[in-house]
Amino acid sequence: MTQPAKAGSSAAAVISLPIEGMTCASCVGRVEAALSKVPGVGSVSVNLATERADIRPAGPVDRMALVRAIEKAGYDVPAGAVELKVEGMTCASCVGRVERALKAVPGVSDAVVNLATERATVRGRASADQLIAAVRNAGYEARAHEAVAPGGEDDALAKKEAERVELKRDLLIAAVLTLPVFILEMGSHLVPGMHALVERTIGMQWSWMLQFALTTLVLALPGRRFYAKGFPALLRLAPDMNSLVAVGTSAAYAYSVVATFAPGLLPAGTVNVYYEAAAVIVALILLGRYLEARAKGRTSEAIKRLVGLQARVARVSRGGRVVEIPIGDVVAGDIVDVRPGERVPVDGQVIDGQSYVDESMITGEPIPVQKVAGSEVVGGTVNQTGAFTLRATAVGGQTVLAQIIRLVEQAQSSKLPIQAVVDKVTMWFVPAVMAAATLTFLIWLAFGPAPALTFALVNAVAVLIIACPCAMGLATPTSIMVGTGRGAELGVLFRKGEALQMLKDARVVAVDKTGTLTEGRPVLTDLEVADGFDRARVLALIAAVESRSEHPIARAIVQAAEQEGLAVPALDDFESVTGMGVRAGVDGVRVQVGADRYMHQLGLDTGIFAATAQRLGGEGKSPLYAAIDGCLAAIVAVADPIKASTPDAIAALHRLGLKVAMITGDNKVTAKAIANRLGIDEVVAEVLPAGKVDALRRLKAEHGRVAFVGDGINDAPALAEADVGLAIGTGTDVAMEAADVVLMSGNLQGVPNAIALSQATIGNIRQNLFWAFAYNTALIPLAAGALYPAYGVLLSPIFAAGAMALSSVFVLANALRLRRFQPPMAGTPGAAA
């Protein structure tokens, strides 16, 4: 979606709109005429080829009026997505306010805001400028977000680091200024003789004056951030965490100032100061913010590592010589040299040289892959010992690595269904807390012991401070960030965040056979020769006969002979015997290849291979026989072999308590034979793509939620029908639109890893939410003084501040545990580890 000028923009700004439905020049004319009638439009240019309209305003123009004019003319303006980076959010209440502000913009169909990533994803027809203005009106800062391109400067990380440095500085200033205040006031209560010492030396009034000066500096310098954001939010009737801190500390400070300079205004027996509460609260919350900022930085380390995998420079042939240029200057078609031990700069095709390339950062597979002329290579992978030259086929944001980064960012920014509960609670949470604090103040003032005003103030401030909803806002997104990042390291890409939640509830994993359980290509699996025949000679003769056929079985036999280094003889003649097999003259001998009925027609007894034929039939393989010069020479079988990783993956799924079903278009005998070998629970064979969809519906009705695993090409309908679709990737094809999850390893081992990661992540989210909700719910009554009548116990605002900071740090630390997640298929290495 473009980012045109907003309503009321200057005449110089051009508004660009995509248009669907135009087919000819008359369509262009109709759209131009319709747009020209909109008030404020100066000139209109509609391009049929690009399907866009460029409108140059002569004055203020309502963007939605332009959209309505196009739609009234019979065409459509498709909804797009705008990503914004939002600054200034501190808690779940902020998230709710930004979402409401964005959804109120005309033309917005949906808006999702993420506290952990500080990003908003907005769908609809509104411009980025309108959206940014709406966020600013809500009290926050926003700018258009662009995905971090590999090799590009990561300004966001630099900005975050600057924020952490500023927080650390403010924390140190607050700590240095607060320590004397804390010692003077709390020391007088806790240390025997301290009160008398203060009285004898500087006097209590001067002690209060010194505390006033130091606390004023704390609030005015490091604490100013809370007041600059908290009070404006309160005036907008949209209080947030900063408002709670600002009101609480201001109340304690203002009361103390009156007690210091105008004690006569206070009732007798209530003259006391609480400077230490205001100062320590600011210092503790800054400590919590700093620890939170450090922990949040670690939640995005997966993205940082992926970005760091990209080479910074490339050696490119330009003007007849090889020059070293920044990676951003490489264009598609450039010829790039890659030396031993270097990272491949961009995606490309090898045109000269050969080497082995470590592709574990893409596929999770540790074994280097051989690359020769014609092989595809992926930017960011590591060349081993050889050198080669490649032709760049994808650069910048089009590379596989850039696609992976985008997918991970999209998954991290998504909002899970479980988040809906948090959103509903946080809509009223902060106003409810302020109401609770007010009620606490009034109850203590009316019914509390003397001095009632002091008790009322202290307990109301404690309620305000302890109930900050920071932990609620961070509970879900931080776990998603760490979980999806860990998945990317394991070669498991969650294209949709919802899949992270739904996958854990899967009861059945349905798998396609070809290309998922098996290699997806037939190979020669069995060749047994009769007595008196040489295996190599027989294979060469059979391959010669089959070389005339394009059948996959024939190609597999020919490839087997070539892989064994056998010279395939030339044919003298060739004939296909309908329904039986083929025959030819090869090297002066007569060779016939076909099924058992062909051998019987030739008068040959296949009984000598009876045991082998029975075994092959049990494995779902159809045997072929070869006769040479009228003698039965060999039995041959070609099959699509099961991937070496498949049996362990099936076993791991069973250990997770899941049923495994195979859905295939192959014949029932072969399908059942494979299922028996692998321990698959249910088989649906001989089905077309539409039949796979019906089979999935039946499995869902019988067992519950179903995950389907396919190759992402001919399995698109089934991937879309399943509750969660998992596509087996090839290491380069990451944008499989029908799939919810892409498994980069190219084998089934990623499935139990993905399911286990889903279970671990959602479990982590539930732990966080329980802590955030239970913690705040339990401590608000405690802060209000619920235990005082029975036990005489009150919660100091200082301890309330420490507890509030602890809740956010706990949630973040718990989410970071997912970085150590170990997959069931432990042999699968981390992609970027």
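Model, not experiment: these values are computed from the prediction.

### Quick notes on the UniProt feature "transmembrane region" (unreviewed entry) in the protein chain
No. 1: The residues that UniProt annotates with the feature "transmembrane region" (unreviewed entry) are residues 171-191, 203-223, 244-266, 272-291, 425-447, 453-476, 769-788 and 794-816.
No. 2: Overall, residues 769-788 shows 85% helix and 0% strand. The separation of its end C-alpha atoms is 29 Å.
No. 3: When the span residues 794-816 is considered, its composition is 87% helix and 0% strand, and the gap between its end C-alpha atoms is 34 Å.

### As for the packing of helix 15 (residues 452-466) against helix 27 (residues 750-784)
No. 1: Where helix 15 meets helix 27, the axes come as close as 8 Å, and the angle between the chain directions of the two elements is 165°. As far as their axial angle goes, helix 27 and helix 15 are roughly antiparallel. As helix 15 runs across helix 27, the sense of the crossing is right-handed. Contact residues: helix 15 offers Asn-459, Ala-462, Val-463 and Ile-466, while helix 27 offers Asn-776, Leu-779, Ile-780, Ala-783 and Ala-784.
No. 2: Taken together, the residues that form the contact of helix 15 with helix 27 break down as 7 nonpolar, 2 polar and no charged.

### So, the nonpolar core
No. 1: Within the largest apolar cluster, 139 residues are counted, with the highest numbers of intra-cluster contacts made by Leu-84, Met-89, Leu-102, Leu-131, Ile-285, Ile-466 and Leu-726.
No. 2: With 15 residues, helix 27 is the largest single contributor of residues to this core.
No. 3: Those residues in contact with Leu-726, other than ones at most four positions away along the chain, are Leu-503, Ala-707, Phe-708, Val-709, Gly-710, Leu-719, Val-741, Leu-743 and Ala-754.
No. 4: Grouped together as the second largest cluster of nonpolar side chains are 27 residues, Leu-527, Val-545, Ala-556 and Ala-626 included.

### Things to note about the sheet that holds strand 3 (residues 52-57)
No. 1: Strand order in the open sheet made by the 3 strands is 1-3-2, with antiparallel pairing throughout. The strands lining the two open edges of the sheet, one partner per strand, are strand 1 (15-18) and strand 2 (41-47). Strand-to-strand twist of the sheet, defined as the mean angle between neighbouring strand axes without regard to direction, takes the value 20°.
No. 2: Examined bridge by bridge, strand 1 and strand 3 share 4 bridges and lie antiparallel to one another.

### Description of the sheet that holds strand 6 (residues 119-124)
No. 1: Reading across the sheet, the 4 strands line up as 5-6-4-7 and stay open at both edges, with antiparallel pairing between neighbours. Edge strands, defined here as strands with exactly one partner in the open sheet, are strand 5 (108-114) and strand 7 (141-144). Adjacent strand axes in the sheet meet at a mean angle of 25°, parallel and antiparallel pairs treated alike.
No. 2: Relative to strand 6, strand 5 is paired through 6 bridges, and the arrangement is antiparallel. Paired with Val-112 across the bridge in strand 6 is Thr-121.
No. 3: Relative to the sheet, helix 3 (residues 92-103) contacts strand 4 (80-87), strand 5 and strand 6, its axis offset from that of strand 5 by approximately 160°.

### A word on the packing of aromatic side chains
No. 1: The final tally for this structure, using the stated rule, is 11 aromatic pairs.
No. 2: A ring pair is formed by Trp-444 and Phe-455, whose centres lie 5.5 Å apart and whose planes are at 15°; its orientation type is stacked. With Trp-444 in helix 14 (residues 419-447) and Phe-455 in helix 15, this residue pair connects regions lying 11 residues apart in the sequence. Judged on exposure class, the residue Trp-444 and its partner Phe-455 are both buried.
No. 3: Within the aromatic cluster, the residues linked to one another by ring pairs are Phe-212, Tyr-253, Phe-261 and Tyr-275.

Thresholds applied
- Along each chain, residues carry numbers from 1 onward, in the same order as the chain's sequence is written.
- Only residues with pLDDT of at least 70 get local features here, since the model is predicted, and only at 80 or more are side-chain atom pairs given and counted; chain-wide, interface and lining totals rely on the full set of residues.
- Note: side-chain values were computed over all heavy atoms of the structure, leaving out hydrogens and water.
- UniProt positions are given in the numbering used here, feature names are shortened, and annotations may be inferred rather than shown by experiment.
- Here a strand is any run of E in DSSP of at least two residues, a helix any run of H or I of at least four, and the numbering for each starts at the N terminus.
- For helices, the fitted line uses only the C-alpha atoms of the stretch in contact; every axis is such a line through C-alpha atoms, and the angle between N-to-C directions lies from 0 to 180 degrees.
- Each angle gets one of four labels, with under 35 degrees taken as roughly parallel, over 145 as roughly antiparallel, 65 to 115 as roughly perpendicular, and the rest as oblique.
- Two helices that cross are described as forming a left-handed crossing if the nearer one is turned anticlockwise from the farther one by less than a right angle, and a right-handed crossing if clockwise.
- Contacts are assigned to residue pairs that have any heavy atoms within 4.5 Å of one another.
- When residues are grouped by polarity, Ala, Val, Leu, Ile, Met, Phe, Trp, Tyr, Cys and Pro land in nonpolar, Asp, Glu, Lys and Arg in charged, and all others, Gly among them, in polar.
- Residues enter a nonpolar core if they are buried and are Ala, Val, Leu, Ile, Met, Phe, Trp, Tyr or Cys, with the set joined through side-chain atoms within 4.5 Å.
- In this scheme, a residue with accessible area under 20% of its type's maximum is buried, one over 50% is exposed, and one in between is partly exposed, where area comes from a 1.4 Å probe on protein chains only.
- Paired strands, in this sense, are two strands between which DSSP finds at least two bridges.
- For Phe, Tyr and Trp, where Trp contributes only its six-membered ring, two rings pair if their centres lie within 6.5 Å, and the inter-plane angle classes them as stacked under 30 degrees, edge-to-face over 60, or tilted in between.

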